[in-house]
Amino acid sequence: MSRTFRPRTAVRVRAGAVALALCASTALAAPVAAQAAPVPGAGSGAGCLDPSLQLSVEESRLAARLPDAADPTVPAEKTYARTVIEGGGFGGYTAALTAALCRTRTPDAATALVERKGEALWDAAVRRAQSDGHVRGDLPASDDRPLYWTRVEAMSVLRQWAPRGGLTDAERADLMETFDKAARGMFDIDLPPGDDVLRVIVSGFDVYTLDGGTTSSAPGTVGNNIRHGNPSGATALSLDGTTYRTDDGTLAHVEAYTLPVSYPEFERGYLEDTVGPFMEPGPRQVDASITVSQAGGSQFNLEQWNARYHGTFAGNDRGLPCPAVGGVPQLAIDNPGCNIQVVDRWGGGDGLTDPPQWTSASLPIAEMIAADTGADVPRPPGDTWPDPSVAFGVVWNTSYTQFPDCASPVRQTFNSPPSVTYPPATPPVPPADGSCSYSGGGGNYLSNESAYRNTLLRDRAGLDIPAGHIHTPDMQHFETSFGVSDGTFDAWRTSIAAQSRNLIHAILDTTD
């Protein structure tokens, strides 16, 4: 499939605004690494970098090593990140970026450079994921992790770039955000105009829960959670720029991007800047907007209600806006950081009920379940879904938890566990008028946040389109304790991504 760079359509924020947003979210800012370190993949031409500049928490994981898979009593020869980056065929990317950056003399030129380089990285990752033949590196084409770790490694170069004359905080913030968005496919979305085509946007997520896991006695090594991937990210890469012919013969065009697993970028409007322009009136207005993330078990959950409350679980930056205090959840009425906030350029809000405490999906639930999307998907080893004729089940998840009194921490949970029968014998109970949210069906982490922000955009735009969240099964199944990849892990990712695509296509088959 031929692919070219596309016109930038996502909203760009000037440098000063980014810096102000970063300063305004100090409470959510990522803690920095305990000590500075040079970038492992920067290469010998990294003379314009200052290793004394501290890396972020995510970037500090670049130095982590697993125990050796063959002999867990000793560390692996290479860092985990470099193993995955090289395994994805991106081993020279950071060094090339660094060399080009060192030749750059102005922040404006650097911003233009990193936008091009970020778009090129995204494009290469998409090409790799959609390849039917040989790919560079020894990791499978479907593996989403090389993109994540290459992007993080490149971000560490930008954090340590020390040009002559220096950089202001605003200039560095704009530089890093420009690259980050470009390398996530956020500038890559190009939906075709016309009444004879369906336009759909799908989001995926980065890897997450990278700390902890099984360890060994090997000195200086980390737990094996760092191996995690995310099937929603793999799904996004496999869908971006593809077309699909619906049951009635209509051509559908799919664009995709990935989201970070940390709160500050959401607060700065990453999702709205990407999707929002396509919910506004015009010839390229989107016909469906779907968010996807990973959950657990061997089933897909189609989430009905999304909660505004967020922040009880740390992101990849180890930051969280709303931790429980003494085991008791904080209330948004006392701590506005517990409520999802929308930037002013996308409508903002002025209190506890603006934006609203709840949003709801508008997915064709019955048709998605009836489509039997797992029938042609291989079951991976260890799959526990009770029906052996499909890979994974598909369930309408109507559960949620609310504070019936917004001034009291007493919670009520409804419609849990979800019924595996559709339609359920008893209609689900919706959130009560005047209640405050604690968690939607997808919890109160960033999965739920992506669903909330996406469906809020739909509501504020006044659109009647399919919009909602798909939670995939958990794909973290390995045959070995410390192998970077293996057949079982690959099988789970491949099967989850395949059925995820089928579910997206089932939505399009019912979209006018």
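Residues numbered from 1 in each chain as written. Predicted model: local features only at pLDDT ≥ 70, side-chain atom pairs only at ≥ 80, totals over all residues. Heavy atoms only, no water.

Caption draft 1: Just the state of the cysteines, in detail. Within the structure shown, the criterion is met by 3 disulfides. There is a disulfide in this structure between Cys48 and Cys102, and the S-S distance comes to 2.0 Å. Its S-S torsion of about -75° marks the bond between Cys48 and Cys102 as left-handed, since a negative value means left-handed. Separated by 54 residues along the polypeptide, Cys48 in the loop between helix H1 (15–24) and helix H2 (57–60) and Cys102 in helix H4 (residues 93–102) bring together distant segments of the chain. Judged by relative accessible area, which is 19%, Cys102 ranks as buried. Of note for the protein chain: the bonded cysteines, numbered N- to C-terminal, pair according to 1-2, 3-4, 5-6. (Disulfide = S-S within 2.5 Å. Helix = DSSP H or I, 4+ residues; strand = E, 2+ residues; numbered from the N terminus. Buried < 20%, exposed > 50% of the residue type's maximum accessible area, 1.4 Å probe, protein only.)

Caption draft 2: Representation of the pattern of salt bridges in the model. As enumerated under the stated definition, the model contains 25 salt bridges in all. For Arg268, the salt bridge identified is with Glu177, shortest N-O distance 2.8 Å. Separated by 91 residues along the polypeptide, Arg268 in the loop between helix H9 (263–267) and helix H10 (270–275) and Glu177 in helix H7 (residues 169–183) bring together distant segments of the chain. Across the pair, Glu177 and Arg268 agree in class, each one buried. A salt bridge links Arg184 to Asp206, with the shortest nitrogen-to-oxygen separation between them at 2.9 Å. Of this pair, Arg184 sits in the loop between H7 and strand S1 (197–205) while Asp206 sits in the loop between S1 and helix H8 (231–239), placing them 22 residues apart in sequence. Of the two residues examined, Arg184 and Asp206, each falls in the buried class. Salt bridges sharing common partners tie together Glu177, Lys181, Arg268, Asp273 and Arg345. (Salt bridge = Lys/Arg side-chain N within 4 Å of Asp/Glu carboxyl O.)

Caption draft 3: Structural context of the nonpolar core. Ranked by internal contacts, the top residues of the largest apolar core, which has 46 residues, are Trp149, Trp161 and Phe179. For this core, the secondary structure elements donating two or more residues are helix H3 (80–87), H4, helix H5 (107–129), helix H6 (145–160) and H7. Each residue touching Trp161, except ones within four places of it in the same chain, is listed here: Cys48, Leu49, Leu53, Leu101, Thr104, Thr106, Ala110, Leu167, Arg172 and Leu175. Counting residues in hydrophobic clusters, the runner-up holds 31 residues, among them Leu302, Ala391, Ile496 and Ile507. (Core = buried A, V, L, I, M, F, W, Y, C linked by side-chain atoms within 4.5 Å. Contact = heavy atoms within 4.5 Å.)

Caption draft 4: Representation of unusual backbone geometry in the model. Cis peptide bonds are those with omega within 30 degrees of zero, and the linkage from Ser416 to Pro417 qualifies with -5°. Looking at the element boundaries, Pro417 is found in the loop between strand S10 (412–414) and strand S11 (436–439). With an omega of -5°, the peptide bond running from Tyr422 to Pro423 counts as cis. Relative to the elements of secondary structure, Pro423 occurs in the loop between S10 and S11. In this model, Arg318 sits at a positive phi of 65°, which is unusual for a non-glycine residue. Here Arg318 falls in the partly exposed class, since its relative accessible area comes to 41%. Even without a glycine there, the phi angle at Asp372 is positive, about 55°. Secondary-structure assignment places Asp372 in the loop between helix H11 (365–370) and strand S8 (393–397).

Caption draft 5: Focus on the environment of Val377. Relative to the helices and strands, Val377 is located in the loop between H11 and S8. A C-alpha to C-alpha distance of 15 Å links Val377 and Phe489, two positions 112 residues apart in sequence. Not counting chain neighbours up to four residues away, the residues in contact with Val377 comprise Ala391, Ser495, Ala498, Gln499 and Asn502.

Caption draft 6: Main features of the packing of aromatic side chains. Across all of its chains, the model carries 16 aromatic pairs by this definition. Arg227 extends its terminal NZ or CZ atom over the ring of Phe478, reaching a point 3.6 Å from the ring centre. The ring of Tyr438 is capped by Arg411, whose NZ or CZ atom sits 4.8 Å from the centre of that ring. (Phe/Tyr/Trp six-rings, centres within 6.5 Å; stacked < 30°, edge-to-face > 60°. Lys NZ or Arg CZ within 6 Å of the ring centre and 35° of its normal.)

Caption draft 7: Here's a closer look at the environment of Asn339. Tracing the chain through its elements places Asn339 in the loop between strand S6 (305–307) and strand S7 (358–360). Sequence separation between Asn339 and Leu113 is 226 residues; the distance between their C-alpha atoms is 36 Å. Asn339 has contacts with Arg308, Tyr309, His310, Ala332, Leu352 and Gln357, leaving out every residue within four places of it along the chain.

Caption draft 8: View of the pairing of strand S9 (residues 400–403). Side chains Tyr400 and Gln402 of S9 all project onto a buried face; the interleaved residues Thr401 and Phe403 project onto the opposite face, where all are buried too. In the sheet, S9 pairs with S10 via 3 bridges, with the strands oriented antiparallel. Across the sheet, residue Tyr400 finds its bridge partner in S10, namely Phe414. Sheet analysis places S9 next to S11, joined by 3 bridges and oriented antiparallel. By the bridge assignment, Phe403 is partnered in S11 with Cys436. (Pairing = 2+ DSSP bridges.)

Caption draft 9: Highlighting the confidence of the model for the protein chain. Looking at the protein chain as a whole, its pLDDT mean stands at 92, while 92% of the residues score no less than 70. Under a pLDDT of 50 for its full length, residues 1–9 has, in the predicted model, 29 contacts with residues more than four places off or in other chains. Contacts of residues 14–34 to residues separated by more than four positions or lying in other chains number 33 contacts, the stretch itself having pLDDT below 50. (pLDDT = per-residue confidence, 0-100.)

Caption draft 10: Region of the structure containing H3. Most of H3 sits out of view: 6 of its 8 residues are buried. Taken together, the buried positions of H3 are Tyr80, Ala81, Arg82, Val84, Ile85 and Gly87. Where the residues of H3 are buried, they touch H5 and H6. Looking one or two places after H3, you find Gly89, whose phi comes out positive at around 80°.

Caption draft 11: Molecular detail of the side chain of Arg268. Judged by its relative accessible area of 12%, Arg268 falls in the buried class. One polar contact links Arg268 to Glu177, side chain to side chain, over a distance of 2.8 Å. (Polar contact = N/O pair within 3.5 Å; in protein donor to acceptor, adjacent residues only side chain to side chain.)

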